[in-house]
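Examination of the molecular architecture
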Amino acid sequence: MRILYVDIDTLRPDHLGCYGYGRNTSPNIDRVAEEGIRFTDYYCADAPCLPSRAGLVTGRFGIHTGCINHGGINAEMRWEGPDRAMQDGFGRFSLPAMMRRAGLHTASVSSFADRHGAWWFNGGFDECFNVGKRGLEPADDVLPIALKWLRDNRDRENWFLHVHLWDPHIPYRTPESFGEPFADVPLPDNWMTEELLQHQRQHCVGAHSAREVNGYANTPDEAHPRQPVQVDDLAGFRRVIDEYDTGVLYADRAVGMILEELRAQGVYEEMAVIVSSDHGESLGELGSYCEHGEADGIVTHIPMIIKWPGCPKNAVSRGFHYQLDLLPTLVDLLGGVPPFRANRVTGKVIPWDYDGESYAKQVRTGEDGGREYLVVSQCAHVCQRAVRFGDYIYIRTYHDGFHLSEPEELFNLKEDPHEQHNLAEELPEVCWHGAWYLERWVAEQMQKNIDNYATDPLWEVIHEGGPFHCRGYLPTYCERLEQTGRAAEAAALRERHPREMKESW
């Protein structure tokens, strides 16, 4: 079996044609969807990049791995303890390790491990190709390596290849020579209004807000001229969407070239192709721009498209799934893996306790089906947990990342996909339902932790100093707010975050 996993960073499903987007951003990905199954309700358990891929390769929640932040102790995996064998779990039980155990030669073309110091990501891969630009490489830097690997391995019958494209991720880095493909194409979903945008500019604060799109300031990025730095008006809002869509199209172009190579080799029809992402991207939702800093329905919702030999074509499967469900699903689809040998000293076999659940039945049949609800989190930009159930997402904020978010938020994603109307006060009974799901989930997961760890990593992040992308910024940022006519917001942040205002912090 040949399996190609195309991992497109920061890819929103609602900006793909196969998920209903009105712009032609993804003709090659759309073709894969026509030849396979599109999952509509697919989410990363832990956002953003580092925690998400920790879940992908381990099949476990961040509350168990401990890897939920972008810096500090919770940017690391929790240690395995006295039961660690000569080879750690990443070399034995991770997604690529399980693919290798199933008899596939495994390879990855990605600079992810280098970008985040996440060398565990490479565990289980027979070959790893680091492009060398730590995630700032355009698709044209990735493509030659991927194509060469496919040509060098054209006679190999069993392989798993992970190809990582970064183009929709900030800073938007599509070469200027690619032009402006959407300059004359209307916005398919023009939900932003001048009134809302001006409200955001005055009252929505924190990193990557309308007046500080590229962080806590609006300094232009000379190396990446496509990257917006502030949104002044509706034309500026459109530019944000245009540049994001251009990145999606540029990545899709690379996908097309990879698939064309596979067709030329005559192997495409009988192989598997998977297209997915690590998280989405805020494009004005909740007042955030060009970042993936919440645990909301925009950031945690990701595409999942699977073309698998012998399975339905042009199918749509509805039902809640986590990204970390992919590991057991692939093992199931491949017919399992050989049993693990016991430790020759202790006589014990200690596999990882996966949180993922196989949805191979849905892949094989195209039927609906999934979990009752999902709990998703974000602890690198804010500290939030959210529950996705029914038509709703319930968001509980523990650290607002200087956005002045409400402690509880509730959105009906079916009626309000851009999360403009917080229903928490109007529908307290629905909030109670979401809070009950959340409390039950945390209790269940902490019970699994108790033998090795008695602390919830979310509270470790807060105790250590808060989300990594907030640390040390507040005093200077409050000064900027005062200088730009937002003194009331600066005062509210100082009152809410006295700890972060200390000079020694």
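Described below are features of the structure shown in this document. Not measured: the values here are computed from a predicted model.

So, how was this worked out
Residues numbered from 1 in each chain as written. Predicted model: local features only at pLDDT ≥ 70, side-chain atom pairs only at ≥ 80, totals over all residues. Heavy atoms only, no water. Helix = DSSP H or I, 4+ residues; strand = E, 2+ residues; numbered from the N terminus. Rg over C-alpha atoms; globule rule 2.2 N^0.38 Å. Buried < 20%, exposed > 50% of the residue type's maximum accessible area, 1.4 Å probe, protein only. Contact = heavy atoms within 4.5 Å. Phe/Tyr/Trp six-rings, centres within 6.5 Å; stacked < 30°, edge-to-face > 60°. Lys NZ or Arg CZ within 6 Å of the ring centre and 35° of its normal. Salt bridge = Lys/Arg side-chain N within 4 Å of Asp/Glu carboxyl O. Pairing = 2+ DSSP bridges. Axes fitted to C-alpha atoms, helices over the stretch in contact; angles between N-to-C directions. Parallel < 35°, antiparallel > 145°, perpendicular 65-115°, else oblique. Left-handed = near helix turned anticlockwise from the far one by under 90°. Nonpolar A, V, L, I, M, F, W, Y, C, P; charged D, E, K, R; others polar. Arc of directions from axis to C-beta. Polar contact = N/O pair within 3.5 Å; in protein donor to acceptor, adjacent residues only side chain to side chain.

Comments concerning the overall build of the protein chain
Looking only at helices and strands, the protein chain has 16 helices and 15 strands in total. In terms of overall size, the protein chain behaves like a compact globule, its C-alpha atoms giving a radius of gyration of 22 Å where 505 residues would be expected to give roughly 23 Å. Across the 505 residues in the protein chain, those meeting the buried criterion constitute 61%. For the protein chain, the proportion of contacts with a sequence separation of at least 24, taken over those separated by at least 6, is 73%.

Observations concerning the packing of aromatic side chains
Across all of its chains, the model carries 23 aromatic pairs by this definition. Consider the rings of Y43 and F320, whose centres lie 6.5 Å apart with planes at 65°: the pair is edge-to-face. Linking Y43 in strand 2 (residues 37–43) with F320 in strand 11 (residues 315–322), this pair joins segments that are 277 residues apart in sequence. Here Y43 falls in the buried class, since its relative accessible area comes to 2%. Classification of F320 by relative accessible area gives buried; the value is 8%. Residues F121 and F125 carry aromatic rings whose centres are separated by 6.1 Å and whose planes lie at 45° to one another, so their mutual orientation is tilted. Given the relative accessible area of 2%, F121 is considered buried. Owing to a relative accessible area of 9%, F125 belongs among the buried residues under this scheme. Over the ring of Y19 we find R38; its NZ or CZ atom is 4.9 Å from the centre of that ring. Its end group placed over the ring of F112, R53 keeps NZ or CZ at 5.0 Å from the ring centre.

Brief notes about the pattern of salt bridges
On inspection of all chains with the given rule, the structure shows 31 salt bridges. Where R201 meets D232, a salt bridge forms, and the shortest distance between an N and an O atom there is 3.0 Å. Linking R201 in helix 8 (residues 194–203) with D232 in the loop between helix 8 and helix 9 (234–265), this pair joins segments that are 31 residues apart in sequence. On the accessibility criterion, D232 (37% relative accessible area) is partly exposed. Each of D7, D9, R53 and D278 takes part in one network of salt bridges that share partners.

Here's the deal with the pairing of strand 12 (residues 374–378)
Of all five residues in strand 12, five are buried, a share of seventy percent or more. Relative to strand 12, strand 3 (residues 46–47) runs parallel, the two being bridged by two bridges. Of the residues in strand 12, the one forming a bridge with D46 is S377. Two elements, strand 12 and strand 13 (residues 383–389), share five bridges in a ladder whose sense is antiparallel. Paired with V375 across the strands is V387, a residue of strand 13. Linking strand 12 to strand 13, which pair antiparallel, is a turn of four residues.

Some points on the packing of helix 15 (residues 474–483) against helix 16 (residues 487–496)
Each pair of packed helices can be described by the angle between their axes along with the distance between the axes. At a closest axis distance of 7 Å, the pairing of helix 15 and helix 16 adopts a crossing angle of 155°. Comparing their axes, helix 16 and helix 15 come out roughly antiparallel. Here helix 15 runs over helix 16; the crossing is left-handed. Where helix 15 abuts helix 16, its residues L474, Y477, C478, E479, L481 and E482 lie against A487, E489, A490, L493 and R494. Considered class by class, the residues forming the contact of helix 15 with helix 16 number seven nonpolar, no polar and four charged.

Side note on helix 8
Those residues of helix 8 that sit buried are L196, L197, Q200 and R201. Burial along helix 8 is one-sided: seen end-on, the buried residues are contained in an arc of 140°. Turning to helix 8, the residues buried within the fold contact helix 9 and strand 9 (289–291).

Describing the side chain of R385
Here R385 is to be found in strand 13. At 2.8 Å, the side chain of R385 forms a polar contact with the side chain of D456. Setting aside anything within four residues of it in sequence, one finds R385 in contact with I63, V376, S377, Y394, I395, R396, Y398, L438, W441, V442, D456 and L458.

Some thoughts on unusual backbone geometry
Of note, the bond from A47 into P48 is cis; its omega dihedral lies within 30 degrees of zero at -5°. You can see P48 is positioned in the loop between strand 3 and helix 2 (49–58). With an omega of -10°, the peptide bond running from I170 to P171 counts as cis. With respect to the helices, strands and loops of the structure, P171 is situated in the loop between strand 6 (159–165) and helix 8. Positive phi, normally seen in glycine, also occurs at H208, with a value near 65°. Secondary-structure assignment places H208 in the loop between helix 8 and helix 9. One non-glycine residue, E419, lies in the positive phi region at around 55°. Here E419 shows up in the loop between strand 15 (408–412) and helix 13 (428–449). On the basis of relative accessible area, E419 is assigned to the buried category, the value being 2%.

A short note on the sheet that holds strand 1 (residues 2–8)
One open sheet accounts for eight strands, arranged 5-4-6-1-7-10-2-11; its pairing is mixed. Strand pairing shows two members of the sheet lacking a second neighbour, strand 5 (127–129) and strand 11, which therefore form its edges. Across the sheet, the mean angle from the axis of one strand to that of its neighbour is 15°, orientation sign disregarded. Across the sheet, helix 7 (residues 139–152) is in contact with strand 4 (105–109), strand 5 and strand 6; its angle to strand 6 comes to roughly 170°.

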